[in-house]
Amino acid sequence: MTQTPVTAPSTQDPPQRFLSGKKRVLASAFAGTTIEWYDFYLYGTAAALIFNVQFFPSDSELGSRLASFATLAVGFFARPLGGIVAGHLGDRVGRKALLVVSLLSMGTASTLIGLVPNFDAIGWWAAVSLVVLRIIQGLSAGAEWGGSALLSVEHAPARRRGLFGSFTQIGSAAGMLLATSSFFLVQNLMSDEAFEAFGWRIPFLASALLVALGLWIRLGVSDAPEFQELKDSGKVAKAPLREVLTAHPRVLLVTIGLRLAQNSVFYLITVYMLSYLAENRGDSTSGVTAVMIASAVGLVTGPAWGWASDRIGRKPVTIFGLIGIAVFGWFFFAFLDAGPLGLLPLVVILGMNLAHDAVYGPQAAWFAEQFPIEVRYSGVNMGYQLGTVIGGGIMPMVAALLYVAGGHSPWLICGYLTLLCVLSLIAAIGAKDPARALARTAA
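In this numbering scheme, every chain counts its residues from 1 along its sequence in written order. Residues qualify for local features only when their pLDDT is at least 70, as the model is predicted, and side-chain atom pairs are given and counted only at 80 or more; totals for whole chains, interfaces and linings, by contrast, use all residues. Derived side-chain values reflect all non-hydrogen atoms in the structure, with water molecules and hydrogen atoms excluded from consideration.

## Some points on the overall build of the protein chain
Inference 1: Under the scheme used here, helices are H or I runs from DSSP no shorter than 4 residues and strands are E runs no shorter than 2 residues, and both carry numbers assigned from the N terminus. Counting its regular elements, the protein chain contains 21 helices and 0 strands.
Inference 2: Reported as C-alpha extents along the three principal axes, the dimensions of the protein chain are approximately 65 × 40 × 40 Å.
Inference 3: The buried share of the protein chain, reckoned over its 443 residues, is 60%.
Inference 4: Across the protein chain, the fraction of contacts at a sequence separation of at least 24, relative to all contacts at a separation of at least 6, is 87%.
Inference 5: Throughout, the Shrake-Rupley method with a 1.4 Å probe supplies accessible areas, and for residues the shown protein chains are the sole cover considered. On the protein chain, roughly 16,500 Å² of surface is accessible, and the fraction owed to carbon and sulfur atoms is 69%.
Inference 6: Averaging the locations of the 29 positively and 25 negatively charged side chains of the protein chain gives two centres separated by 12 Å. Here's how the labels work: a residue is buried when its accessible area is under 20% of the maximum for its type, exposed when over 50%, partly exposed in between, all with a 1.4 Å probe on protein chains only. In this description, contact between two residues means that some pair of their heavy atoms is separated by no more than 4.5 Å. We count Lys and Arg on the positive side and Asp and Glu on the negative side, and we leave His and both chain ends out. Charged groups are reduced to one reference atom each: NZ for lysine, CZ for arginine, CG for aspartic acid, CD for glutamic acid.

Right, here's the structure in full:
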(Lines give C-alpha, C1' and ligand atoms only; values in the text may rest on other atoms or scores of the structure.)
Protein backbone atom coordinates (compact mmCIF):
# COMPACT_ATOMS: atom_id res chain seq x y z
CA MET A 1 0.00 0.00 0.00
CA THR A 2 1.33 3.45 -0.84
CA GLN A 3 1.81 5.88 1.99
CA THR A 4 -0.93 8.44 2.47
CA PRO A 5 0.74 11.69 3.54
CA VAL A 6 -0.50 13.68 6.48
CA THR A 7 -2.46 16.53 4.95
CA ALA A 8 -3.29 19.95 6.26
CA PRO A 9 -6.87 20.55 7.38
CA SER A 10 -9.33 22.05 4.99
CA THR A 11 -8.78 25.73 4.25
CA GLN A 12 -12.54 26.20 3.99
CA ASP A 13 -12.92 26.45 7.77
CA PRO A 14 -13.56 29.99 9.03
CA PRO A 15 -10.19 31.46 10.12
CA GLN A 16 -11.33 32.23 13.68
CA ARG A 17 -12.76 28.77 14.22
CA PHE A 18 -9.66 27.20 12.64
CA LEU A 19 -7.40 28.97 15.12
CA SER A 20 -9.62 28.06 18.07
CA GLY A 21 -9.67 24.42 17.00
CA LYS A 22 -5.88 24.29 16.67
CA LYS A 23 -5.36 25.77 20.12
CA ARG A 24 -7.77 23.26 21.62
CA VAL A 25 -5.97 20.37 19.92
CA LEU A 26 -2.57 21.55 21.18
CA ALA A 27 -3.98 22.12 24.66
CA SER A 28 -5.50 18.63 24.62
CA ALA A 29 -2.22 17.03 23.51
CA PHE A 30 -0.26 18.90 26.16
CA ALA A 31 -2.71 18.54 29.06
CA GLY A 32 -3.62 14.92 28.39
CA THR A 33 -0.08 13.62 28.06
CA THR A 34 1.06 15.78 30.99
CA ILE A 35 -1.48 14.10 33.26
CA GLU A 36 -0.82 10.63 31.83
CA TRP A 37 2.94 10.94 32.32
CA TYR A 38 2.59 12.62 35.69
CA ASP A 39 0.86 9.48 36.87
CA PHE A 40 3.26 7.14 35.09
CA TYR A 41 6.41 8.92 36.29
CA LEU A 42 5.17 9.20 39.86
CA TYR A 43 5.52 5.46 40.01
CA GLY A 44 9.11 5.62 38.75
CA THR A 45 10.10 8.17 41.37
CA ALA A 46 8.35 6.23 44.12
CA ALA A 47 9.94 2.98 42.92
CA ALA A 48 13.38 4.51 43.38
CA LEU A 49 12.68 6.19 46.72
CA ILE A 50 9.92 4.41 48.68
CA PHE A 51 8.41 1.24 47.20
CA ASN A 52 11.53 -0.86 47.81
CA VAL A 53 11.15 -0.48 51.58
CA GLN A 54 7.37 -0.09 51.91
CA PHE A 55 6.22 -2.89 49.60
CA PHE A 56 9.24 -5.18 49.04
CA PRO A 57 11.11 -5.54 52.33
CA SER A 58 14.07 -7.89 52.12
CA ASP A 59 17.28 -8.75 53.91
CA SER A 60 19.07 -7.72 50.72
CA GLU A 61 19.00 -4.06 49.72
CA LEU A 62 19.71 -5.09 46.11
CA GLY A 63 16.84 -7.58 46.22
CA SER A 64 14.39 -4.93 47.40
CA ARG A 65 15.59 -2.48 44.76
CA LEU A 66 15.35 -5.06 41.98
CA ALA A 67 11.84 -6.06 43.05
CA SER A 68 10.74 -2.42 43.06
CA PHE A 69 12.26 -1.78 39.63
CA ALA A 70 10.71 -5.01 38.35
CA THR A 71 7.23 -3.67 39.11
CA LEU A 72 8.22 -0.51 37.26
CA ALA A 73 9.12 -2.68 34.27
CA VAL A 74 5.76 -4.51 34.47
CA GLY A 75 4.03 -1.29 33.44
CA PHE A 76 6.25 -1.10 30.38
CA PHE A 77 5.53 -4.68 29.39
CA ALA A 78 1.81 -3.91 29.56
CA ARG A 79 2.19 -0.90 27.27
CA PRO A 80 2.43 -2.85 23.97
CA LEU A 81 -0.83 -4.66 24.76
CA GLY A 82 -2.52 -1.34 25.50
CA GLY A 83 -1.01 0.01 22.31
CA ILE A 84 -2.26 -2.93 20.23
CA VAL A 85 -5.83 -2.66 21.49
CA ALA A 86 -5.91 1.13 21.24
CA GLY A 87 -4.27 1.08 17.81
CA HIS A 88 -6.85 -1.34 16.43
CA LEU A 89 -9.77 0.64 17.81
CA GLY A 90 -8.19 3.99 17.05
CA ASP A 91 -7.69 3.11 13.38
CA ARG A 92 -11.29 1.91 13.14
CA VAL A 93 -13.26 4.13 15.53
CA GLY A 94 -11.20 7.26 16.05
CA ARG A 95 -8.42 8.80 18.11
CA LYS A 96 -10.44 10.91 20.56
CA ALA A 97 -12.53 8.11 22.09
CA LEU A 98 -9.46 6.10 23.03
CA LEU A 99 -7.76 9.12 24.56
CA VAL A 100 -10.69 9.74 26.91
CA VAL A 101 -10.63 6.11 28.08
CA SER A 102 -6.85 6.16 28.61
CA LEU A 103 -7.02 9.29 30.73
CA LEU A 104 -9.75 7.88 32.98
CA SER A 105 -8.04 4.52 33.50
CA MET A 106 -4.66 6.08 34.28
CA GLY A 107 -6.16 8.50 36.81
CA THR A 108 -8.12 5.76 38.55
CA ALA A 109 -5.09 3.47 38.85
CA SER A 110 -2.86 6.24 40.20
CA THR A 111 -5.41 7.35 42.79
CA LEU A 112 -5.77 3.77 44.01
CA ILE A 113 -1.97 3.40 44.30
CA GLY A 114 -2.14 6.25 46.79
CA LEU A 115 -4.62 4.21 48.85
CA VAL A 116 -2.95 0.75 48.83
CA PRO A 117 -1.79 -0.34 52.32
CA ASN A 118 1.88 -1.24 52.59
CA PHE A 119 3.54 -4.60 53.30
CA ASP A 120 3.36 -4.20 57.07
CA ALA A 121 -0.41 -3.81 56.86
CA ILE A 122 -1.51 -6.56 54.43
CA GLY A 123 1.62 -8.50 53.57
CA TRP A 124 2.27 -9.59 50.00
CA TRP A 125 -1.22 -8.51 48.96
CA ALA A 126 0.27 -5.02 48.97
CA ALA A 127 2.78 -6.00 46.30
CA VAL A 128 0.12 -7.82 44.27
CA SER A 129 -2.17 -4.78 44.36
CA LEU A 130 0.69 -2.55 43.29
CA VAL A 131 1.51 -4.80 40.34
CA VAL A 132 -2.13 -4.94 39.17
CA LEU A 133 -2.48 -1.16 39.30
CA ARG A 134 0.87 -0.76 37.53
CA ILE A 135 -0.41 -3.01 34.73
CA ILE A 136 -3.47 -0.76 34.36
CA GLN A 137 -1.12 2.22 34.18
CA GLY A 138 0.86 0.48 31.47
CA LEU A 139 -2.23 -0.36 29.41
CA SER A 140 -3.35 3.25 29.66
CA ALA A 141 0.03 4.67 28.72
CA GLY A 142 0.14 2.30 25.76
CA ALA A 143 -3.06 3.85 24.44
CA GLU A 144 -2.23 7.46 25.20
CA TRP A 145 0.89 8.48 23.32
CA GLY A 146 -0.02 7.28 19.84
CA GLY A 147 -3.48 8.81 19.90
CA SER A 148 -2.30 12.13 21.27
CA ALA A 149 0.59 12.31 18.82
CA LEU A 150 -1.64 11.56 15.84
CA LEU A 151 -4.34 13.96 16.95
CA SER A 152 -1.84 16.84 17.04
CA VAL A 153 0.13 15.87 13.92
CA GLU A 154 -2.94 15.15 11.78
CA HIS A 155 -4.34 18.59 12.61
CA ALA A 156 -1.03 20.27 11.72
CA PRO A 157 -0.09 22.13 8.53
CA ALA A 158 2.37 20.04 6.52
CA ARG A 159 5.39 22.23 7.33
CA ARG A 160 4.67 22.40 11.07
CA ARG A 161 4.12 18.78 12.02
CA GLY A 162 7.28 18.67 14.12
CA LEU A 163 6.23 21.71 16.13
CA PHE A 164 2.64 20.49 16.61
CA GLY A 165 3.76 16.97 17.51
CA SER A 166 6.17 18.36 20.10
CA PHE A 167 3.21 19.44 22.23
CA THR A 168 2.56 15.77 22.84
CA GLN A 169 6.25 15.32 23.66
CA ILE A 170 6.51 18.19 26.12
CA GLY A 171 3.62 16.64 28.00
CA SER A 172 6.25 14.11 29.06
CA ALA A 173 8.51 16.87 30.40
CA ALA A 174 5.61 18.61 32.10
CA GLY A 175 4.42 15.34 33.63
CA MET A 176 7.90 14.64 34.94
CA LEU A 177 8.12 18.20 36.27
CA LEU A 178 4.84 17.78 38.13
CA ALA A 179 5.81 14.35 39.45
CA THR A 180 9.25 15.38 40.69
CA SER A 181 7.94 18.70 42.03
CA SER A 182 5.22 16.99 44.02
CA PHE A 183 7.71 14.59 45.58
CA PHE A 184 10.15 17.44 46.18
CA LEU A 185 7.49 19.43 48.01
CA VAL A 186 6.25 16.66 50.26
CA GLN A 187 9.82 15.57 51.03
CA ASN A 188 10.84 19.08 52.05
CA LEU A 189 7.65 20.07 53.85
CA MET A 190 7.46 16.90 55.94
CA SER A 191 9.77 15.00 58.20
CA ASP A 192 11.29 11.79 56.87
CA GLU A 193 8.97 9.82 59.13
CA ALA A 194 5.84 11.61 57.91
CA PHE A 195 6.90 11.26 54.27
CA GLU A 196 7.41 7.51 54.63
CA ALA A 197 4.20 7.10 56.60
CA PHE A 198 1.78 8.95 54.32
CA GLY A 199 3.39 11.90 52.52
CA TRP A 200 4.41 9.90 49.46
CA ARG A 201 0.72 9.09 48.87
CA ILE A 202 -0.35 12.72 48.40
CA PRO A 203 0.98 13.10 44.81
CA PHE A 204 -0.88 9.94 43.75
CA LEU A 205 -4.15 11.10 45.29
CA ALA A 206 -3.83 14.49 43.56
CA SER A 207 -4.16 12.68 40.23
CA ALA A 208 -7.95 12.67 40.54
CA LEU A 209 -8.10 16.47 40.30
CA LEU A 210 -5.75 16.59 37.32
CA VAL A 211 -7.77 13.99 35.42
CA ALA A 212 -10.93 16.07 35.80
CA LEU A 213 -9.12 19.04 34.24
CA GLY A 214 -7.73 16.93 31.40
CA LEU A 215 -11.12 15.48 30.54
CA TRP A 216 -12.67 18.94 30.36
CA ILE A 217 -10.11 19.95 27.74
CA ARG A 218 -10.02 16.67 25.81
CA LEU A 219 -13.79 16.23 25.42
CA GLY A 220 -13.90 19.41 23.32
CA VAL A 221 -11.57 18.04 20.61
CA SER A 222 -12.61 16.14 17.47
CA ASP A 223 -10.69 13.82 15.16
CA ALA A 224 -8.76 15.44 12.32
CA PRO A 225 -10.59 15.96 8.99
CA GLU A 226 -8.10 13.61 7.31
CA PHE A 227 -9.13 10.67 9.47
CA GLN A 228 -12.81 11.63 9.49
CA GLU A 229 -12.86 11.58 5.67
CA LEU A 230 -11.29 8.12 5.69
CA LYS A 231 -13.86 6.89 8.21
CA ASP A 232 -16.78 8.40 6.30
CA SER A 233 -15.59 6.73 3.11
CA GLY A 234 -15.68 3.31 4.79
CA LYS A 235 -12.05 2.62 3.87
CA VAL A 236 -10.75 2.02 7.38
CA ALA A 237 -8.54 -1.06 7.71
CA LYS A 238 -10.34 -4.17 8.95
CA ALA A 239 -7.23 -5.60 10.62
CA PRO A 240 -4.76 -2.70 10.94
CA LEU A 241 -2.26 -4.56 13.14
CA ARG A 242 -2.04 -7.48 10.72
CA GLU A 243 -1.51 -5.02 7.87
CA VAL A 244 1.30 -3.32 9.78
CA LEU A 245 3.03 -6.66 10.37
CA THR A 246 2.63 -7.92 6.81
CA ALA A 247 2.88 -4.76 4.70
CA HIS A 248 5.09 -2.49 6.82
CA PRO A 249 7.51 -4.67 8.85
CA ARG A 250 10.57 -2.59 7.92
CA VAL A 251 8.93 0.64 9.03
CA LEU A 252 7.86 -1.02 12.29
CA LEU A 253 11.46 -2.06 13.00
CA VAL A 254 12.64 1.48 12.25
CA THR A 255 10.24 3.00 14.77
CA ILE A 256 11.20 0.43 17.40
CA GLY A 257 14.87 1.20 16.84
CA LEU A 258 14.35 4.95 17.10
CA ARG A 259 13.06 4.52 20.66
CA LEU A 260 15.89 2.48 22.12
CA ALA A 261 18.59 4.98 23.06
CA GLN A 262 16.32 7.93 23.77
CA ASN A 263 14.08 6.06 26.20
CA SER A 264 17.01 4.32 27.89
CA VAL A 265 18.90 7.49 28.73
CA PHE A 266 15.66 9.03 29.97
CA TYR A 267 15.15 6.33 32.57
CA LEU A 268 18.81 6.24 33.48
CA ILE A 269 18.54 9.90 34.41
CA THR A 270 15.06 10.08 35.89
CA VAL A 271 14.90 6.77 37.79
CA TYR A 272 18.21 4.92 38.12
CA MET A 273 20.20 8.06 38.96
CA LEU A 274 18.08 8.57 42.08
CA SER A 275 18.96 5.20 43.59
CA TYR A 276 22.56 5.43 42.30
CA LEU A 277 23.14 8.70 44.14
CA ALA A 278 21.43 7.43 47.28
CA GLU A 279 23.67 4.35 47.33
CA ASN A 280 26.98 5.91 46.28
CA ARG A 281 26.76 9.49 47.52
CA GLY A 282 24.16 9.23 50.30
CA ASP A 283 22.03 11.84 48.53
CA SER A 284 18.34 11.32 47.78
CA THR A 285 17.32 14.89 46.89
CA SER A 286 19.89 16.31 44.43
CA GLY A 287 18.76 13.96 41.67
CA VAL A 288 15.09 14.84 42.09
CA THR A 289 15.94 18.56 42.01
CA ALA A 290 18.06 18.18 38.86
CA VAL A 291 15.35 16.22 37.05
CA MET A 292 12.78 18.81 38.05
CA ILE A 293 14.88 21.65 36.61
CA ALA A 294 15.61 19.76 33.38
CA SER A 295 11.92 18.96 32.99
CA ALA A 296 11.10 22.67 33.19
CA VAL A 297 13.73 23.43 30.56
CA GLY A 298 12.24 20.66 28.42
CA LEU A 299 9.05 22.70 28.04
CA VAL A 300 11.12 24.97 25.79
CA THR A 301 13.65 22.60 24.23
CA GLY A 302 11.04 20.03 23.15
CA PRO A 303 9.20 22.46 20.83
CA ALA A 304 12.53 23.97 19.76
CA TRP A 305 13.81 20.63 18.49
CA GLY A 306 10.43 19.88 16.88
CA TRP A 307 10.60 23.25 15.10
CA ALA A 308 14.20 22.59 14.05
CA SER A 309 13.17 19.26 12.54
CA ASP A 310 10.56 21.12 10.44
CA ARG A 311 13.30 23.42 9.16
CA ILE A 312 16.12 20.99 8.39
CA GLY A 313 14.52 17.53 8.64
CA ARG A 314 13.98 14.93 11.35
CA LYS A 315 17.03 12.84 10.43
CA PRO A 316 19.88 15.33 11.03
CA VAL A 317 18.35 16.54 14.29
CA THR A 318 17.89 12.97 15.56
CA ILE A 319 21.39 11.84 14.56
CA PHE A 320 22.85 14.80 16.45
CA GLY A 321 20.90 13.76 19.54
CA LEU A 322 21.94 10.10 19.34
CA ILE A 323 25.62 10.97 19.11
CA GLY A 324 25.14 13.27 22.07
CA ILE A 325 23.50 10.50 24.14
CA ALA A 326 26.35 8.07 23.40
CA VAL A 327 28.97 10.56 24.59
CA PHE A 328 26.90 11.77 27.52
CA GLY A 329 26.54 8.33 29.14
CA TRP A 330 30.26 8.03 29.88
CA PHE A 331 30.57 11.57 31.16
CA PHE A 332 27.40 11.25 33.23
CA PHE A 333 28.51 8.37 35.43
CA ALA A 334 31.99 9.80 35.87
CA PHE A 335 30.33 12.91 37.21
CA LEU A 336 27.92 10.99 39.46
CA ASP A 337 30.87 9.20 41.07
CA ALA A 338 33.06 12.22 41.78
CA GLY A 339 31.57 15.48 40.49
CA PRO A 340 30.17 18.31 42.64
CA LEU A 341 26.45 17.66 43.00
CA GLY A 342 25.76 21.38 42.97
CA LEU A 343 26.43 21.20 39.21
CA LEU A 344 24.19 18.16 38.69
CA PRO A 345 21.29 20.20 37.20
CA LEU A 346 23.61 21.50 34.48
CA VAL A 347 24.82 17.99 33.68
CA VAL A 348 21.26 16.64 33.54
CA ILE A 349 20.24 19.52 31.25
CA LEU A 350 23.04 18.52 28.84
CA GLY A 351 21.78 14.94 28.73
CA MET A 352 18.05 15.59 28.79
CA ASN A 353 17.53 18.84 26.94
CA LEU A 354 20.44 18.94 24.52
CA ALA A 355 20.80 15.26 23.59
CA HIS A 356 17.62 13.42 24.61
CA ASP A 357 15.17 16.13 23.48
CA ALA A 358 16.81 16.33 20.06
CA VAL A 359 15.64 12.75 19.51
CA TYR A 360 12.36 12.97 21.41
CA GLY A 361 11.09 16.36 20.22
CA PRO A 362 10.58 15.40 16.53
CA GLN A 363 9.48 11.83 17.33
CA ALA A 364 5.69 12.26 17.23
CA ALA A 365 5.76 13.77 13.75
CA TRP A 366 8.44 11.40 12.45
CA PHE A 367 6.64 8.27 13.59
CA ALA A 368 3.36 9.47 12.08
CA GLU A 369 5.11 10.16 8.78
CA GLN A 370 6.29 6.55 8.53
CA PHE A 371 2.83 4.95 8.22
CA PRO A 372 -0.20 5.47 5.95
CA ILE A 373 -3.28 6.80 7.70
CA GLU A 374 -5.24 3.52 7.44
CA VAL A 375 -2.86 1.81 9.89
CA ARG A 376 -1.13 4.78 11.47
CA TYR A 377 -2.40 4.43 15.04
CA SER A 378 -1.55 0.72 15.12
CA GLY A 379 1.87 1.20 13.54
CA VAL A 380 2.90 4.18 15.64
CA ASN A 381 1.69 2.58 18.87
CA MET A 382 3.33 -0.76 18.21
CA GLY A 383 6.71 0.73 17.28
CA TYR A 384 6.69 3.24 20.11
CA GLN A 385 5.65 0.82 22.84
CA LEU A 386 7.87 -2.10 21.84
CA GLY A 387 10.83 0.27 21.63
CA THR A 388 9.89 1.59 25.05
CA VAL A 389 9.91 -1.87 26.63
CA ILE A 390 13.25 -2.84 25.08
CA GLY A 391 14.81 0.55 25.67
CA GLY A 392 13.49 2.24 28.80
CA GLY A 393 11.23 -0.25 30.55
CA ILE A 394 13.96 -2.61 31.66
CA MET A 395 16.76 -0.03 31.86
CA PRO A 396 16.75 0.66 35.64
CA MET A 397 16.73 -3.08 36.38
CA VAL A 398 19.38 -3.83 33.73
CA ALA A 399 21.52 -0.96 34.99
CA ALA A 400 21.34 -2.27 38.57
CA LEU A 401 22.47 -5.72 37.38
CA LEU A 402 25.22 -4.35 35.10
CA TYR A 403 26.54 -2.23 37.95
CA VAL A 404 27.05 -5.33 40.09
CA ALA A 405 28.41 -7.35 37.14
CA GLY A 406 30.91 -4.58 36.42
CA GLY A 407 32.41 -4.83 39.89
CA HIS A 408 30.32 -1.95 41.26
CA SER A 409 31.53 0.22 38.42
CA PRO A 410 29.19 1.76 35.80
CA TRP A 411 31.31 0.98 32.73
CA LEU A 412 29.03 -1.83 31.55
CA ILE A 413 26.01 0.51 31.83
CA CYS A 414 27.77 3.06 29.65
CA GLY A 415 28.73 0.40 27.11
CA TYR A 416 25.16 -0.88 26.97
CA LEU A 417 23.82 2.64 26.36
CA THR A 418 26.38 3.15 23.58
CA LEU A 419 25.21 -0.08 21.90
CA LEU A 420 21.61 1.13 22.00
CA CYS A 421 22.72 4.41 20.42
CA VAL A 422 24.29 2.50 17.53
CA LEU A 423 21.07 0.54 16.96
CA SER A 424 18.99 3.74 17.06
CA LEU A 425 21.41 5.41 14.66
CA ILE A 426 20.93 2.59 12.15
CA ALA A 427 17.17 3.03 12.45
CA ALA A 428 17.43 6.80 11.94
CA ILE A 429 19.48 6.36 8.80
CA GLY A 430 16.88 3.95 7.41
CA ALA A 431 13.81 6.09 8.21
CA LYS A 432 11.93 8.16 5.63
CA ASP A 433 12.23 11.91 6.15
CA PRO A 434 9.50 13.81 4.23
CA ALA A 435 10.14 16.90 6.37
CA ARG A 436 13.64 17.19 4.95
CA ALA A 437 12.27 17.05 1.43
CA LEU A 438 9.74 19.79 2.28
CA ALA A 439 12.50 21.91 3.81
CA ARG A 440 14.62 21.60 0.67
CA THR A 441 11.62 22.56 -1.49
CA ALA A 442 11.01 25.64 0.64
CA ALA A 443 14.66 26.62 0.35
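Picking up where we left off.
## Remarks on the packing of helix α13 (residues 249-280) against helix α16 (residues 344-360)
Inference 1: Comment: axis = line fitted to C-alpha atoms, over the contacting stretch for helices; angle = value between 0 and 180 degrees taken between N-to-C directions. Contact geometry for α13 and α16: axes closest at 9 Å, N-to-C directions at 160 degrees. Taken as axis vectors, α13 and α16 run roughly antiparallel relative to one another. As for the relative orientation of α13 and α16, their crossing is left-handed in sense. Side by side, α13 and α16 meet where Leu258, Arg259, Gln262, Val265, Phe266, Ile269, Thr270, Met273 and Leu277 of the first sit next to Leu344, Val348, Gly351, Met352, His356, Val359 and Tyr360 of the second. Working rule for angles: under 35 degrees goes down as roughly parallel, over 145 as roughly antiparallel, 65 to 115 as roughly perpendicular, anything else as oblique. Left-handed describes a crossing in which the near helix is turned anticlockwise from the far one by less than a right angle; the clockwise case is right-handed.

## Considerations on the pattern of salt bridges
Inference 1: When a carboxyl oxygen of Asp or Glu is within 4 Å of a side-chain nitrogen of Lys or Arg, the pair counts as a salt bridge. What the rule picks out here adds up to 8 salt bridges.
Inference 2: The shortest N-O distance in the salt bridge between Arg376 and Glu154 comes to 3.0 Å. Highlighted residues: Arg376 in helix α18 (residues 376-393) and Glu154 in helix α6 (residues 124-154), separated in sequence by 222 residues.
Inference 3: Among the residues examined, Arg376 registers a relative accessible area of 0% and is labelled buried.
Inference 4: Close ionic contact of Arg161 with Glu369 constitutes a salt bridge, the shortest N to O distance being 3.2 Å. With Arg161 in helix α7 (residues 161-189) and Glu369 in helix α17 (residues 363-370), this residue pair connects regions lying 208 residues apart in the sequence.
Inference 5: Overall, the relative accessible area of 6% leaves Arg161 in the buried class.
Inference 6: Via salt bridges that share partners, Asp91, Arg95, Glu154, Glu226 and Arg376 belong to a single interconnected network.

## Focus: the confidence of the model for the protein chain
Inference 1: Think of pLDDT as the predictor's per-residue confidence, scored from 0 to 100. Mean pLDDT for the protein chain: 86, with 94% of residues reaching 70 or above.
Inference 2: Overall, residues 1-19 carries pLDDT values under 50, and its contacts beyond four positions in sequence, including any with other chains, amount to 35 contacts.

## A look at the packing of α13 against helix α20 (residues 411-430)
Inference 1: Interhelical geometry of α13 versus α20 gives an angle of 150 degrees and a closest axis separation of 8 Å. As α13 packs across α20, the resulting crossing turns out to be left-handed. Two secondary-structure elements touch here, α13 through Arg250, Val254, Gly257, Leu258, Leu260, Ala261, Ser264, Val265, Leu268 and Tyr272 and α20 through Ile413, Leu417, Leu420, Cys421, Leu423, Ser424, Ala427, Ala428 and Gly430.
Inference 2: The classification used treats Ala, Val, Leu, Ile, Met, Phe, Trp, Tyr, Cys and Pro as nonpolar, Asp, Glu, Lys and Arg as charged, and all other residues, Gly among them, as polar. Partitioning the contact of α13 with α20 into residue classes produces 14 nonpolar, 4 polar and 1 charged.

## As for α7
Inference 1: With 29 residues, α7 extends 42 Å from end C-alpha to end C-alpha; this agrees with the ideal 42 Å at 1.5 Å per step.
Inference 2: Where α7 bends most, the angle comes to about 35 degrees, and this point is Phe167.
Inference 3: Extensive coverage of α7 is indicated by the burial of 23 of its 29 residues. A helix is expected to reach a length of 1.5 Å times the quantity of its residues less one. Across the chain, bend at a residue is computed as the angle between axes fitted to the seven residues ending at that point and the seven starting from it.

## Some words on the nonpolar core
Inference 1: Formed by 111 residues in total, the largest nonpolar core has its most connected members in Phe51, Trp145, Ile269, Tyr272, Met273, Phe333 and Ile413.
Inference 2: Here the element with the most residues in this core is α13; it accounts for 18 residues.
Inference 3: Apart from residues no more than four positions distant in its own chain, Phe51 is found in contact with Tyr43, Ala46, Phe56, Ser68, Ile113, Leu130, Trp200 and Phe204.
Inference 4: Note on terminology: a nonpolar core comprises buried Ala, Val, Leu, Ile, Met, Phe, Trp, Tyr and Cys residues joined through side-chain atoms within 4.5 Å. If you look at the next biggest cluster of nonpolar residues, it comprises 5 residues, including Ile35, Leu103, Val211 and Leu215.

## Some remarks on the packing of aromatic side chains
Inference 1: Stacked, edge-to-face and tilted labels apply to pairs of Phe, Tyr and Trp rings (six-membered ring for Trp) whose centres lie within 6.5 Å, assigned for plane angles under 30 degrees, over 60, and everything in between, in that order. In the structure shown here, the tally under the stated rule is 20 aromatic pairs.
Inference 2: Ring geometry for Trp305 and Phe320: centres 5.6 Å apart, planes at 35 degrees, overall tilted. With Trp305 in helix α14 (residues 286-312) and Phe320 in helix α15 (residues 314-338), this pair connects stretches of sequence that are 15 residues apart.
Inference 3: The class for Trp305 is buried, based on a relative accessible area of 18%.

## Side note on the side chain of His356
Inference 1: Structurally, the position occupied by His356 is in helix α16.
Inference 2: Not counting chain neighbours up to four residues away, the residues in contact with His356 comprise Gln262, Val265, Phe266, Ile325 and Gly351.

## Quick word on the side chain of Thr270
Inference 1: Counting through the fold element by element, Thr270 comes out in helix α13.
Inference 2: The class for Thr270 is buried, based on a relative accessible area of 2%.
Inference 3: Within polar-contact distance, the side chain of Thr270 engages the backbone oxygen of Phe266 at 2.8 Å.
Inference 4: Apart from the residues lying within four places of it in its own chain, the contact partners of Thr270 are Met176, Val291 and Met352. Within 3.5 Å is the distance limit for a polar contact, defined as a pair of N or O atoms, with the added protein rule that one can donate a hydrogen and the other accept it, and that residues adjacent in sequence qualify only through two side-chain atoms.

## Some thoughts on helix α12 (residues 240-247)
Inference 1: If you check which residues of α12 are buried, you get Pro240, Glu243 and Val244. Looking down the long axis of α12, one finds its buried residues gathered within 105 degrees of arc, a one-sided arrangement. Residues of α12 that are exposed and angled more than 90 degrees away from the buried face: Arg242 and Thr246.
Inference 2: Lining the buried residues of α12 we find α3 (61-92), α13 and α18. Each C-beta atom gives one direction from the helix axis, and the arc is the one those directions make.

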